[in-house]
Amino acid sequence: MADLEKSLDDAGLTNSSVREYVAHWAEYLGADRIEVVSASDDARLVQEALEAGEIEPAGEGLYYSRSYSKDTARSEERTIVATSRPEDEGVYNNWRHTDEIRPVVEGHMKGAMAGKTMYVIPYLMAPPGSPLERFAAGVEITDNRTVCLHMIRMARVGVNHINQLADQDMFVRAVHVTGDLPNLGQGTPDDKRYFVTVADERTILHFGSSYGGNALLGKIAHGLRQAAYDGYASGEFLGEQFMLLGITDKETGETHHVCGGFPSASGKTNLAMTLAPDALGDRYHVSFYGDDIAWLWVGEDGNLYGLNPENGVFGVAKDTNERTNPTALDSIEPGTQALFTNVAYNEQTHEVWWEGKTPHHPQDATGWRDWKGELIADRNPDEAGDPWAHPNSRFTTTLANVPNVAPDFEDPKGVKIDAIIFGGRTRDREPLVRAIDDLAEGVYDGLTLGAEATAAAEGVEGKLRYDPMSMRPFMSYPEGPYAAQWLKIVGAAKDQPVFAHVNWFQRDPEDGHFLWPGYRENLRALLWLVQYKKGQVTGRKTAVGTIPLKEELNLDGLDIDAGDLDTILDIDVERWRQEMGFREEHLKQFANLPEEIWEAHRRVAAALDQE
Ligand code: GDP
Ligand code: PGA
Ligand code: MN
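Keep in mind the model is a prediction, meaning the values are calculated, not measured.

Some points on the site of ligand 2
Stage number 1. Surveying the vicinity of ligand 2 reveals the residues Arg 74, Ile 220, Gln 241, Ser 264, Ala 265, Lys 268, Asp 292, Phe 314, Arg 394 and Phe 474.
Stage number 2. Residue Asp 292 places a side-chain N or O atom 2.9 Å away from an oxygen atom belonging to ligand 2.
Stage number 3. Contacts to ligand 2 include Arg 394, whose side-chain N or O atom sits 2.7 Å from an oxygen atom.
Stage number 4. Contact with the protein chains covers 98% of the free accessible surface of ligand 2, which is 270 Å².
Stage number 5. When grouped by side-chain class, the residues that make up the shell around ligand 2 number 4 nonpolar, 2 polar and 4 charged.

Put into structure tokens, the structure is as follows:
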């Protein structure tokens, strides 16, 4: 490419390491043109994408895109963590030696951008100036303009930061090639997709998808897998699939920060965005920091800090409505430049719709196409009951569009963490909330998080599986050292956070209804937890943690059946004893699990025997 140097000069990209990296890949991928992307290019890129038919208008300043029908979720099976250190092999990280896998994925990429534009996206995860800044920079190379639009919303995109790196070489090299989607054999023995993080080389090589979780490399591949590995290798921090929020008591002026992990599509975005302080009078304000990733470290003052490295929200559309999540709807209003992916789309009126947006789908099917692009009116009668939107359809919007975004959401110093919660979809056993004071028991609880699988990943929805700290798909190093890293980082904090396990998804065994109204009402459980941490409530001690007494929980104006409430504020001891056996099997898989974790397991098991 003759004008490569000129393109980089014109874009003001001066970092010589980045220039070398870009030149190498431009040559290897055989790209025709190169374009360096910054956030200020958004309007032009949107226009070009509209003209090319890659996105469609969905109202004023809103856009719609559909991904290939076999490319609508992260593929966990095809996701690999590679290093040159065999000791990095864990149970869940799908480890391969770099020498084995790198040639395979690079082989698929060779020449793959012939005739195409190669977009270069310099980005920063985490606000500039944070103590973890040196782990935050990356440069994504992609052949996909829609990926650029998403990255501009989800990360801080532009050349300035990358030019000014203290160590010019300290950036994540993130290469994304979409591939010929209809011919990649998705889900067959001849699957050609590879989503590889070469963690000890800080290099990400993703081939064969344009879906967000596989293609926006700043987010999950860098923000989670690479960051977790960096945190481990440096010994400095944890990179977790966590939401992060603040609860301010206006009467006392105090703010408490809660972060926590639920598996993908299990309620992080909803919890962080939409708690309903108004339902409890005017006393509380809940502010949003992040909905999917938190980096945690101990600051100079000895406190545990957290920050959200992202700049946007990639939320599940299904069931987002005025009742469940009005804040999300505000953040995707006309003019917000939000993007919708794989929802249903009306090509005449440019409206979008997803299951649960309104109680019924639009009466008049004229102009409506489902997530696969089929006209609803033409669908064969066997498909009449099929969803219009994909269950993992998404909206993408920047943090600044979220009405309750915290005023200090970009403060590089982060916020002090007071509570760490784990949860997931569990239809029985798990009460509404159980608080855990002990660090090892808290980490043990995270490691034994068991929840139902969701549509955010390919595979069986609803099947119960263990998902340590909700990191199973993002684990980049072995589980034993991971547990040790948790004990080390959190253990170093002078004011220990309280841990808790929450569950909004317990169901009636007969008719399947959710026992707890969930969504905005979840604030009630968190308020109890904050009060518990402060010693204002005592709860009832059980073998698996402390559960609120009914009278300690704020139930003002809450519509809940008395029997249902009793069920979610109790534990099923028999079920829990059985669970302990499953947990033991689960934990036994992990080599070098710290003895503190086994001790915690035995303490809980012994306490259950006493119940
Ligand atoms: P995330 O992927 O973990 O951020 O999960 P989301 O917050 O996007 O939610 C995933 C799905 O779970 C959406 O369809 C939500 O409507 C649903 N959901 C979220 N919170 C609750 C809740 O408290 N109760 C119930 N029943 N569903 C919820
Ligand atoms: P989620 O984020 O947790 O909101 O689903 C995307 C993902 O994890 O794939
Ligand atoms: Mn996630």
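Notes on the site of ligand 1
Stage number 1. Contacts to ligand 1 come from 18 residues, most closely from Ala 265, Gly 267, Asn 270, Arg 425 and Tyr 519.
Stage number 2. Within the backbone of Ser 266, one N or O atom sits 3.1 Å away from an oxygen atom of ligand 1.
Stage number 3. Take Asn 270: an N or O atom from its side chain is 2.7 Å from an oxygen atom of ligand 1.
Stage number 4. The protein chains hide 95% of the 580 Å² of surface that ligand 1 would expose on its own.
Stage number 5. Here the residues of the shell around ligand 1 sort into 7 nonpolar, 7 polar and 4 charged.

A closer look at the pairing of strand β3 (residues 62–65)
On a regular strand, one side chain projects to one face of the sheet and the next to the other, so that they alternate.
Stage number 1. Going residue by residue along β3, you find Leu 62 and Tyr 64 tucked away on one face and Tyr 63 and Ser 65 tucked away on the opposite face as well.
Stage number 2. Sheet analysis places strand β2 (residues 56–57) next to β3, joined by 2 bridges and oriented antiparallel. Along β3, the bridge assignment pairs Pro 57 with Tyr 63.
Stage number 3. In this antiparallel pair of consecutive strands, β2 and β3, the connection spans 4 residues, and Gly 59 shows a positive phi of 110 degrees.

Notes on the pattern of salt bridges
Stage number 1. In total, this model carries 55 salt bridges according to the counting rule given.
Stage number 2. Lys 534 is paired through a salt bridge with Glu 254; the nearest N and O atoms lie 2.4 Å apart. On the criterion of sequence distance, the pair formed by Lys 534 in the loop between α13 (523–533) and β31 (540–542) and Glu 254 in strand β14 (residues 254–261) is long-range, its members being 280 residues apart.
Stage number 3. One continuous salt-bridge network, built from bridges that share partners, spans Glu 35, Asp 41, Arg 44, Glu 48, Glu 54 and Arg 145.

Some details on the nonpolar core
Stage number 1. Ranked by size, the top nonpolar core spans 191 residues in total, and within it Met 118 and Trp 486 carry the most contacts.
Stage number 2. Of the residues forming this core, the biggest block, 8 residues, is contributed by α13.

With respect to the sheet that holds strand β24 (residues 394–398)
Note on sheets: strands pair through backbone hydrogen bonds, and any given pair is parallel or antiparallel.
Stage number 1. Strand order in the open sheet formed by 5 strands is β2-β3-β20-β24-β19, with mixed pairing between adjacent strands. In this open sheet, the two edge strands, each paired with only one partner strand, are β2 and β19 (312–316).
Stage number 2. The strands that helix α5 (residues 145–154) touches are β3, β19, β20 (338–341) and β24; relative to β24, the one it contacts most, it runs at about 55 degrees.

Points about the sheet that holds strand β25 (residues 415–416)
Stage number 1. Overall, antiparallel pairing links the 4 strands, which are arranged β12-β17-β18-β25 in an open sheet. What marks the edges here is a single partner per strand, and that holds for β12 (238–240) and β25.
Stage number 2. Both strand β18 (residues 304–307) and β25 contribute to a ladder of 2 bridges, which runs antiparallel. Its bridge partner being in β25, Tyr 305 is matched across the sheet by Lys 416.
Stage number 3. Running over the sheet, helix α12 (residues 479–491) touches β12, β17 (294–298) and β18 and is turned about 115 degrees from β12.

Cut-offs used in this document
Residues numbered from 1 in each chain as written. Chains lettered and ligands numbered in written order. Predicted model: local features only at pLDDT ≥ 70, side-chain atom pairs only at ≥ 80, totals over all residues. Heavy atoms only, no water. Near = heavy atom within 4 Å. Polar contact = N/O pair within 3.5 Å; in protein donor to acceptor, adjacent residues only side chain to side chain. Areas by Shrake-Rupley, 256 points an atom, 1.4 Å probe, with all protein chains shown as cover. Nonpolar A, V, L, I, M, F, W, Y, C, P; charged D, E, K, R; others polar. Buried < 20%, exposed > 50% of the residue type's maximum accessible area, 1.4 Å probe, protein only. Helix = DSSP H or I, 4+ residues; strand = E, 2+ residues; numbered from the N terminus. Pairing = 2+ DSSP bridges. Salt bridge = Lys/Arg side-chain N within 4 Å of Asp/Glu carboxyl O. Core = buried A, V, L, I, M, F, W, Y, C linked by side-chain atoms within 4.5 Å. Contact = heavy atoms within 4.5 Å. Axes fitted to C-alpha atoms, helices over the stretch in contact; angles between N-to-C directions.

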